[in-house]
Amino acid sequence: MSLRMAKKFMENINNNLKEITNLLEWQNFLDKAERQHCFFSVVWEKQVENYFSDWQFKHFLFKDNFLVSVLVNKEGRAVSVPFSEVGNIIALDYSQELDTNDLKIVLANIFNSFKLTVNIFYCPVKNIEETMLIDYVLPLNKFNSLEELENNYRKTTRQEIEKSKVEIKVMENIKELKQVYKLYLKNIRAKMNLVLPYSFFEYWFQNKETFLLSLMNGKIVGFSLYLENKNLTHYFLNASSLVGKQSGATHALLSSQIKNSFNKQIKYFEFGGTKKDSNLEIFKKGWGGEVYNIYTISNQEFVNIKSKGRTLWKFVPLCLLPYLSKILWKRFL
């Protein structure tokens with residue numbers, strides 16, 4: 001390719017990307033998308049920007065069809081929408097596939113480094129490599145009745161639901177929210193993962209997102225958080241005490257919310273990202289959902305936060321977990 005042809009090619013590619021600086025215009029584009037999720041909302045992005053004060057969201061329209069939201073720092077590093085695997089990119093018209101090679105060229109001209117994710121439930125793609133990260137989505141609108149939906153579950157999943165001994169209720173007050181957050185901290189510490197701040201839990205509660213609680217003898221033994229947007233319910237967080245796990249809290253909570261979503265005529269129930277062939281993947285697969293790959297679009301190497309000292313995380317006092325997590329979130333974004 002001649003220098004002139006190469007320059008023309010780059011101009012055409014770059015002209016396919018338009019930055020959307022007006023938040024109202026951005027929200028209007030989001031409202032037109034066939035599929036969307038809560039992590040693209042302007043209100044949620046403000047919560048994230050308040051948490052990461054030195055990072056800011058930027059919004060783009062690529063090839064008049066693909067909405068791209070990235071979190072950018074002062075050094076020109078762009079990363080995926082944090083804390084979930086729903087991805088950075090939504091297709092306005094789901095029938096059109098994203099050419100990831102073209103997008104990579106454009107991003108390389110704008111950012112010093114970038115690492116984005118794309119979930120093909122929200123944006124179909126081409127020119128992509130194999131991945132180990134997947135999502136399960138249950139198409140509720142394909143079932144004519146609740147009985148038909150539940151018969152689609154794996155037999156062992158139905159058996160676990162039937163064996164459950166917990167009572168299910170919707171969280172009602174701040175006192176319960178604080179109990180839920182403490183349970184969440186204990187669970188995440190045991191898994192040696194970073195935790196989300198309490199302010200996020202307050203935001204979801206005030207935003208009337210669904211916190212379902214499982215109780216034994218009036219005591220909270222488990223909870224799940226479900227985020228709703230347009231025609232989708234997103235299964236986001238879950239935690240249980242030892243008693244809750246032994247009493248089938250997780251299966252009971254999920255079964256209850258899937259019923260709620262079906263009765264509200266919500267089209268999709270999304271289970272969230274997980275690694276292939278993991279125990280969590282086996283659990284999510286049992287609900288009869290369809291599998292969608294989650295890919296990485298990046299020009300930087302993967303940073304693995306595992307280390308020899310990671311096991312010490314189990315011994316960190318609960319009160320310090322949010323503070324230390326914030327420091328590490330910034331390092332490993």
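Since the structure is predicted, the reported quantities are computational estimates derived from the model, not experimental observations. (Residues numbered from 1 in each chain as written. Predicted model: local features only at pLDDT ≥ 70, side-chain atom pairs only at ≥ 80, totals over all residues. Heavy atoms only, no water.)

A few words now on the environment of serine 256. Within the secondary structure, serine 256 sits in helix α10 (residues 249–263). Other than its neighbours up to four places away in sequence, serine 256 contacts Ile168 and Leu212. (Helix = DSSP H or I, 4+ residues; strand = E, 2+ residues; numbered from the N terminus. Contact = heavy atoms within 4.5 Å.)

Further remarks concern the environment of isoleucine 294. Residue position: isoleucine 294 is located in strand β15 (residues 290–298). Judged by relative accessible area, isoleucine 294 falls into the buried class, the value being 2%. Sequence-wise, isoleucine 294 and aspartate 135 are 159 residues apart; in three dimensions their C-alpha atoms are separated by 6.9 Å. Those residues in contact with isoleucine 294 that sit more than four places away from it in its chain are Glu85, Thr117, Val118, Asn119, Thr131, Leu133, Ile134, Asp135 and Gly273. (Buried < 20%, exposed > 50% of the residue type's maximum accessible area, 1.4 Å probe, protein only.)

Turning our eyes to something else, we now look at the pairing of strand β13 (residues 232–240). Most of β13 is tucked away, with eight of its nine residues classed as buried. Looking at chain direction, strand β12 (residues 219–229) and β13 are connected through eight bridges and run antiparallel. In the strand pairing of β13, glycine 222 is matched with serine 240. The turn joining β12 and β13, which pair antiparallel and follow one another in sequence, is formed by two residues; a positive phi near 55° is taken by lysine 230. Across three bridges, β13 lies against strand β14 (residues 268–275) in parallel orientation. Bridging across to β14, leucine 232 finds its partner in tyrosine 268. (Pairing = 2+ DSSP bridges.)

For the protein, the domain assignment lists domain 1 (3–128) and domain 2 (136–294). Just the C-alpha atoms count here: the centres of domain 1 and domain 2 sit 29 Å apart. In this assembly, 26 residues from domain 1 lie in contact with 22 residues from domain 2. Around 2,000 Å² of area is buried between domain 1 and domain 2 when both sides are counted, 67% of it from carbon and sulfur atoms. Taken as a group, Cys38, Trp44 and Phe121 account for 28% of the area that domain 1 buries against domain 2, more than any other trio of residues on that side. In this structure, the connection of domain 1 to domain 2 is made through zero salt bridges. Split by residue class, the side of domain 1 that touches domain 2 holds 14 nonpolar, seven polar and five charged. (Domains from an automatic or database assignment. Buried area = accessible area lost by both parts, 1.4 Å probe. Salt bridge = Lys/Arg side-chain N within 4 Å of Asp/Glu carboxyl O. Nonpolar A, V, L, I, M, F, W, Y, C, P; charged D, E, K, R; others polar.)

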